[in-house]
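# Structural overview
What follows is the residue order along each chain.
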Amino acid sequence: MTTRDLDMPVTPANALTLGDAVLRHLVYSVGKDQSHAVERDWCVALSLAIRDLMVDGWMDTTRRIYKTKQKRVYYLSMEFMIGRLLEDAIANMGLIKEAKEFFGELGLNLSDILNSEPDPALGNGGLGRLAACFMDSMATVGVAGIGYGIRYEHGIFRQSFQDGWQLEEPEDWLVFGNAWEFQRPEVEYSVEFGGSVQRDNTGKMIWTPSERILAGAFDTPIAGWGGKHVNTLRLWSARSAEVLNLHQFNQGEFMAAAQQQVLAESITKVLYPGDHTAEGRELRLKQEVFFTSASLQDILRRFRLDNTNWNELPQYAAVQLNDTHPAIAVPELVRLLVDKHGLEFVESFEIARATLHYTNHTLLPEALEKWPLELFERCLPRHLQIIREIDNLFAAEVAAKYEGKNVDPMKAIDPHHGGWVRMGNLAFIGSSHVNGVSALHTELMKQTVFKDLHEIYPDRILNQTNGITPRRWLYECNPLLADLITETIGDAWVKDLEHIAALAPHADDKTFRKKFAAVKAENKVHLAAFIKQQTGIVVNPTSLFDVQIKRIHEYKRQLLNALETMALYNAIKEDPSAGWTPRVKIFAGKAAPSYTLAKLIIKLINDVAAKVNADEDVGDLLNVVFLPNYNVSAAEELIPGADLSEQISTAGFEASGTGNMKFALNGALTIGTLDGANVEIKDHVGDDNIFIFGMEADEVARRQQEGCQPWMTVSETPRLQEVVKQISSGFYSHGDTERFAGVVDNVLAHDYFQVTPDFDAYWETQRKVDAEFKDVDNWHRKAILNTANMGWFSADRTIRGYAKDIWKALPDEG
Ligand code: 26V
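Rules and cut-offs
- Residues numbered from 1 in each chain as written.
- Predicted model: local features only at pLDDT ≥ 70, side-chain atom pairs only at ≥ 80, totals over all residues.
- Heavy atoms only, no water.
- Pairing = 2+ DSSP bridges.
- Helix = DSSP H or I, 4+ residues; strand = E, 2+ residues; numbered from the N terminus.
- Axes fitted to C-alpha atoms, helices over the stretch in contact; angles between N-to-C directions.
- Contact = heavy atoms within 4.5 Å.
- Salt bridge = Lys/Arg side-chain N within 4 Å of Asp/Glu carboxyl O.
- Near = heavy atom within 4 Å.
- Polar contact = N/O pair within 3.5 Å; in protein donor to acceptor, adjacent residues only side chain to side chain.
- Nonpolar A, V, L, I, M, F, W, Y, C, P; charged D, E, K, R; others polar.

### Quick notes on the sheet that holds strand S5 (residues 182-193)
Strand pairs in the sheet, formed through backbone hydrogen bonds, run parallel or antiparallel to each other. Strands sit in the order S5-S8-S9-S2-S1-S10-S11-S15-S16 across an open sheet of 9 strands; the sheet is mixed. Both outer strands of the open sheet, S5 and strand S16 (461-463), are each paired with one neighbouring strand and no more. In this sheet, adjacent strand axes meet at a mean angle of 25 degrees when their direction is disregarded. Examined bridge by bridge, strand S1 (residues 72-76) and strand S2 (residues 144-150) share 5 bridges and lie parallel to one another. Looking at the pairing, Arg72 lines up with Ala144 of S2.

Okay, structure coming up:
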């Protein structure tokens, strides 16, 4: 045995070649030799080797931030849809080529190894994926960012289909451990619930909680492009304050002894998938308080390391609230300052308001959080008191400015209708900036949900249109296109996507168009293989690949797409030789487990797929595919192979969309409504290179208010009428006339999301798509112009916008 020389300097990770480092980890960390290692083992060994390389940059970054007192940005989010981390880390560290070569020499395929990593899906959809893109961009731009969230033991459910119906099974991303995280047992905070509040003899409020849960930190380093700036994603895991009731255990009451622990740990057990049971709601509120309180305690501790003046907090820390889920930060920060640090209430509120900023991500009434007062009284009595005081302060502020203004509808607490805490109002009142996520959405925020508050604080609302990281969403997911772009204009676009504009002139170059077309063709062959492997369905890779992938929701109108598919099927059947453009309709997305209609729409699409795909008269002219278990990894497979991107939400309802940006960047043309960021995408790619149809937001709002008669519209839309008749007569359900009654009833009697009045415009526009796809060379010219004109939609631009307008945090230039 060798003895260790304690004075020996630590060998920096970069002293080894990547290959040697991987082999060392395979043996000494994974405990396997090469001959027995399976892909997962290589994946862990490679992750650890790359992580080592990131650690030096991570520590340098931290030291630099402390030294320069760079302002820190804290991104509080219930969701981080990070997806697999290994390829991202290798790419950002500039080691893709080296890794490929190393495994090549061993006769192994890097992409098989990358695919063996579990996909952490700690989110529901767009809001969570945006948080992940922001982490990448903050590190690339040099913002001193820390992401705070929850280390869910189980991310969003795994979706499969049984006879076409959605089945939900628990997801298990941590089952083989997590190579990326560093557990920090010493970083632990107590988060309290319940109990009562009493005034002591000095007049101070004393909260005696009845429940205490500990939050423990797990850190994941997030490297920016080039690996120089490395930020942290800190996720909290819950633990009982009481380890085990040994007394009960010794009495043989094993279940009771462990109960406290099980209850406490249930807080971070599972991601909330958006259902609405009473027990579920209480757990969700506790999750929100849990991670928000732990994060704020951590932020204050860090601030106190080198600062004693609380009034300087906003100068050194900006806290971004990702939707209202962490809005409890408003009273919690005030509570920490008043109850724990002895500040006055008014001063504390001023500090909190100057530190906090709130992003709104939806105008849908059911997604705007509100909690029963009763629940707050029971779980958070001290916070409720503080919210009442904030409301009073707010009312006084308004009264001083506008005499006679009725503030009640704007307050955080609504004492009527049974009593509610309105989290959107609370977040607005307690933040210095409130932002929307696309130009249209921000405008609608001002006109609708926050109309009154906007009148009082006209400078508070501003826009920051969403963006996506070009590293994951082009460089990594589409290596063929990335290589072609780099070969043509150089590689500056990876770090600064605005450089991709240099591609535009090449749209007029026939040779380049050919190369671009060859890349798309190869990506489609790859996607066809993926579809076959996932579903068994064989599709023709030369068909038009028409893709709609996102959460299943009425406002996103997968139903409109499905109805058009059925109408197209009828038309093809009627005249198969009419020169149709062969098309594959590809769907993917999860429905919330309790969202009955969304689940019925999935079943309908699966039933349509079964019928259409089996019809030999139709053959390759139309195929329908619903891929199970949509997640970040599936998106990375699908997007590079798409020709057409479906962004067909009811105008006024999609706050931004970010999938729309990913498709356009990868050279798919969009068919879409003037909704969310589609409006800005159209402005950038040009009217000729996008297919816009349907009603605009103001018309939709007018029709919804007037109340329309969808059955009349259906009767005036023959193609749609026929399809609705077929569905009700059991055409897609083996004669079962009841199965889709819920869908038919919705279309005919309610149609809140205006599928029927947009149907014809959508049909006509799809036929325009058919015609344009026939001129394949011109199609590719437009596709190139989409890619070339998407530079502005980099999340780096978005982050710079937040840094300048909201956080006032200068990036670290390195
Ligand atoms: C609401 C709820 C309510 C029930 C429990 C689970 C749950 C989870 C999340 C939400 C809020 C959803 C808001 C959201 O994801 N909005 C999306 O945000 C994207 C990023 O800004 C944007 O691109 C999408 O248009 C928007 O729908």
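### Thoughts on the sheet that holds strand S14 (residues 420-422)
Spatially, 3 strands are ordered S12-S14-S13 in an open sheet, and the strand pairing comes out antiparallel. For this open sheet the edge positions go to strand S12 (370-372) and strand S13 (413-414), each flanked by a neighbour on one side alone. Looking at chain direction, S13 and S14 are connected through 2 bridges and run antiparallel. Across the sheet, the residue bridging to Ile413 is Val421, located in S14. The sheet contacts of helix H9 (residues 278-304) involve S12 and S14, and relative to S12 the element is tilted by about 115 degrees.

### Thoughts on the pattern of salt bridges
The final tally for this structure, using the stated rule, is 53 salt bridges. In this structure, Arg284 and Glu369 form a salt bridge, with 3.5 Å as the shortest nitrogen-oxygen distance. Highlighted residues: Arg284 in helix H9 and Glu369 in the loop between strand S11 (356-359) and S12, separated in sequence by 85 residues. A salt bridge links Lys451 to Glu455; its shortest N-O distance comes to 3.8 Å. Placement of both Lys451 and Glu455 in helix H17 (residues 451-456) is noted, with a separation of 4 residues, approximately one turn of the helix. Here the salt bridges do not stand alone but share partners, grouping Arg184, Asp219, Arg234, Asp298, Arg301 and Arg302 into one network.

### Describing the site of the ligand
In the vicinity of the ligand lie 18 residues, with His361, Asn466, Glu654, Ser656 and Gly657 positioned nearest. At 2.6 Å from an oxygen atom of the ligand is found a side-chain nitrogen or oxygen belonging to Glu654. One nitrogen or oxygen atom from the main chain of Gly657 is found 2.8 Å from an oxygen atom belonging to the ligand. Of all the elements, helix H6 (residues 126-141) adds the most residues to the shell around the ligand, at 3 residues. For the shell around the ligand, a count of residues per class yields 6 nonpolar, 9 polar and 3 charged.

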